[in-house]
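Summary of structural features
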Amino acid sequence: QVQLMESGGGLVQPGGSLGVSCAASGTIFSLGNMGWYRQAPGKQRELVATVDSRRVFNYAESVKGRFTISRDNAQNTVWLQMNNLKPEDTAVYYCYAELWATDYGGLSAYWGQGTQVTVSS
């Protein structure tokens, strides 16, 4: 069974920093796009940042220059460093991964359980 295990999150003051990480485990033949989405109260889930297997990066405009996503293919992990956090960054952050479980199966998408990030003074 494939699992996305998240760590990090918490409460931070505006201007502070947090890091969240996600590790994929289980039956994985190959990992594709990985990254983070977030969902704030009353809003739809939105993309934060992703990085594909070739390390092509995609950031939401609202986090460019503040957040940095990185990937460690050897460990099947993705890391999001969040700097200069703002109250509007408050949300549940979800790890996302696309992967092939076998060399003959189709592409599947998986989500982490979510981790709360709260930015408040």
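Each remark here, short or long, concerns the structure printed above.
The following refers to the structure shown.

Calculation criteria
Residues numbered from 1 in each chain as written. Predicted model: local features only at pLDDT ≥ 70, side-chain atom pairs only at ≥ 80, totals over all residues. Heavy atoms only, no water. Helix = DSSP H or I, 4+ residues; strand = E, 2+ residues; numbered from the N terminus. Contact = heavy atoms within 4.5 Å. Areas by Shrake-Rupley, 256 points an atom, 1.4 Å probe, with all protein chains shown as cover. Lys, Arg positive; Asp, Glu negative; His and termini not counted. Charge placed at Lys NZ, Arg CZ, Asp CG, Glu CD. Core = buried A, V, L, I, M, F, W, Y, C linked by side-chain atoms within 4.5 Å. Buried < 20%, exposed > 50% of the residue type's maximum accessible area, 1.4 Å probe, protein only.

**With respect to the overall build of the protein chain**
Each helix and strand counted, the protein chain has zero helices and 11 strands in total. Here the C-alpha coordinates of the protein chain stretch approximately 50 × 25 × 25 Å along the principal axes. Expressed as a percentage of contacts within the protein chain between residues at least 6 apart in sequence, the contacts between residues at least 24 apart total 55%. Only carbon and sulfur atoms are counted for the fraction: they give 47% of the accessible area of the protein chain, which is about 6500 Å². Distance between charge centroids for the protein chain: 5 Å, based on 9 positive and 9 negative side chains.

**With respect to the nonpolar core**
Among the nonpolar cores identified, the biggest contains 29 residues, and W36, V48, F67, V78, L80, M82 and Y93 are the most heavily contacted of them. The dominant element in this core, judged by the number of residues it contributes, is strand β9 (residues 91-100), at five residues.

**Quick notes on the environment of N73**
Within the secondary structure layout, N73 lies in the loop between β7 (67-72) and β8 (77-82). The class for N73 is partly exposed, based on a relative accessible area of 35%. Once the C-alpha coordinates of N73 and L31 are considered, the two residues, 42 residues apart in sequence, prove to be 8.1 Å apart. Ignoring sequence-local partners within four residues, the contact set of N73 consists of S53 and R55.

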